[in-house]
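# Analysis of the macromolecular model
Okay, here's what each chain looks like letter by letter:
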Amino acid sequence: MLTFYFMPNEFHTDVPASVLADVQQHLDAIKVALAPYLISLTPDERRTMLRMADKTVAFVTKATDYATSNPAFVPSFVDLAELKQDVAGVAALTPLRQQFEQLALDTDSTVMVAGSEAYGNALTVYNNIKFMAKNRQPGAQAAYDDLSQRFSSGASAARKALKAAKE
């Protein structure tokens with residue numbers, strides 16, 4: 001049975017090399033500009049870090065306001081100037097982070113669409129080559145043997161095991 005994968009073609013434009021180069025140049029400049037101010041955490045450090053979500057921002061802002069207007073509320077081991085600097089850092093970097101996240105999501109979505117379309121079309125070509133190889137078309141068997149290696153690994157073994165388990 002010949003299987004075809006039909007899907008709407010949503011990604012149908014080439015991103016000009018000049019645009020990609022320009023964007024890369026801007027990204028490099030952004031990295032250089034922010035590098036002195038950014039901190040890289042290990043996965044373990046990230047897991048143990050307190051998280052500041054939207055509701056927490058309001059809490060932190062109010063606590064900082066109380067600490068500023070009532071210095072007696074601040075324990076001696078808390079540096080109020082550092083607290084204010086941390087709050088200011090969150091306020092300054094959050095809009096940038098939001099834009100970076102949206103750009104990353106849109107880029108990822110575009111790559112996903114283009115990849116899905118490419119893979120679906122490649123599977124259709126593969127299935128056509130497979131059909132042609134079964135019908136002994138010249139050159140089709142060599143192409144089929146080469147492409148079928150993609151499916152001969154664990155995925156095929158898993159399908160066979162599942163089929164055997166059902167019997």
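Residues numbered from 1 in each chain as written. Predicted model: local features only at pLDDT ≥ 70, side-chain atom pairs only at ≥ 80, totals over all residues. Heavy atoms only, no water.

### Remarks on the packing of aromatic side chains
The description of an aromatic ring pair uses the distance of the two centres, along with the angle that the planes make with each other. Going by this rule: Stacked, tilted and edge-to-face pairs are distinguished by plane angle, under 30 degrees for stacked and over 60 for edge-to-face with tilted covering the rest, among Phe, Tyr and Trp rings (Trp via its six-membered ring) whose centres lie within 6.5 Å. Every helix listed is a DSSP run of H or I at least four residues long, and every strand listed is a run of E at least two residues long, numbered separately from the N terminus. The buried label goes to any residue with under 20% of its type's maximum accessible area, the exposed label to any with over 50%, and the partly exposed label to all in between, with areas taken from a 1.4 Å probe on protein chains only.
One pass over the structure, following the stated rule, counts 2 aromatic pairs. For the pair Tyr126 and Tyr144, a centre-to-centre distance of 5.7 Å together with 20° between the ring planes defines the contact as stacked. A residue pair is termed long-range when its members are at least 10 positions apart, and Tyr126 in helix α4 (residues 80–134) and Tyr144 in helix α5 (residues 140–148) qualify at 18 residues. By relative accessible area, Tyr126 is classed as buried at 10%. A ring pair is formed by Tyr126 and Phe151, whose centres lie 5.0 Å apart and whose planes are at 40°; its orientation type is tilted. Of this pair, Tyr126 sits in helix α4 while Phe151 is found in the loop between α5 and α6 (154–166), placing the two residues 25 residues apart along the sequence. Linked through ring pairs, Tyr126, Tyr144 and Phe151 together constitute an aromatic cluster.

### Quick notes on the confidence of the model for the protein
Filter applied, for reference: Summary of the metric used: pLDDT quantifies the predictor's per-residue confidence within the range 0 to 100.
For the protein, mean pLDDT is 89; residues scoring 70 or higher make up 87% of the total. Considering each helix and strand of the protein separately, the mean pLDDT is smallest for α6, with a value of 57, and largest for helix α1 (residues 17–34), with 97.

### Overview of the environment of Thr107
Applied cut-off: We call two N or O atoms a polar contact when they sit within 3.5 Å, provided that within protein one can donate a hydrogen and the other can accept it, with sequence-adjacent residues counted only if both atoms are side-chain atoms.
Residue position: Thr107 is located in helix α4. Of the residues examined, Thr107 reaches a relative accessible area of 43% and is grouped as partly exposed. A polar atom in the side chain of Thr107 sits 2.7 Å from the backbone oxygen of Leu103.

### Here we look at unusual backbone geometry
We note that Arg136 has phi near 55°; this positive angle belongs to a residue other than glycine. Structurally, the position occupied by Arg136 is in the loop between α4 and α5.

### A few points about the pattern of salt bridges
The condition that has to hold: We define a salt bridge as a side-chain nitrogen of Lys or Arg found within 4 Å of a carboxyl oxygen belonging to Asp or Glu.
For the structure on display, the rule yields 2 salt bridges. Here Arg47 ties to Asp44 by a salt bridge, and the two come within 2.0 Å at their closest N and O atoms. With Arg47 and Asp44 both in helix α2 (residues 43–48) and 3 residues apart, this pair spans about one turn of that helix. Its relative accessible area of 47% is what places Asp44 among the partly exposed residues. One salt bridge connects Glu101 with Arg97, and the closest N-O pair in it is separated by 3.3 Å. With a gap of 4 residues between them, Glu101 and Arg97 both fall in helix α4, about one helical turn apart. Owing to a relative accessible area of 46%, Glu101 belongs among the partly exposed residues under this scheme. Given the relative accessible area of 45%, Arg97 is considered partly exposed.

### Brief notes about helix α3 (residues 54–69)
The condition is simple: To estimate how far a helix should extend, the number of its residues minus one is multiplied by 1.5 Å. Each C-beta atom gives one direction from the helix axis, and the arc is the one those directions make. The contact criterion used is simple: two residues touch if any of their non-hydrogen atoms lie within 4.5 Å.
Taking 1.5 Å as the rise per residue, α3 with 16 residues should run 22 Å; its terminal C-alpha atoms sit 23 Å apart, in good agreement. Restricting attention to buried positions, one finds in α3 the residues Val60, Thr64 and Ala67. The buried residues of α3 occupy an angular sector of 60° when projected down its axis, which confines them to one face. The outward face of α3, more than 90 degrees from its buried face, is lined by the exposed residues Asp54, Lys55, Phe59, Lys62, Tyr66 and Ser69. Each element contacted by the buried residues of α3 is listed here: α4.

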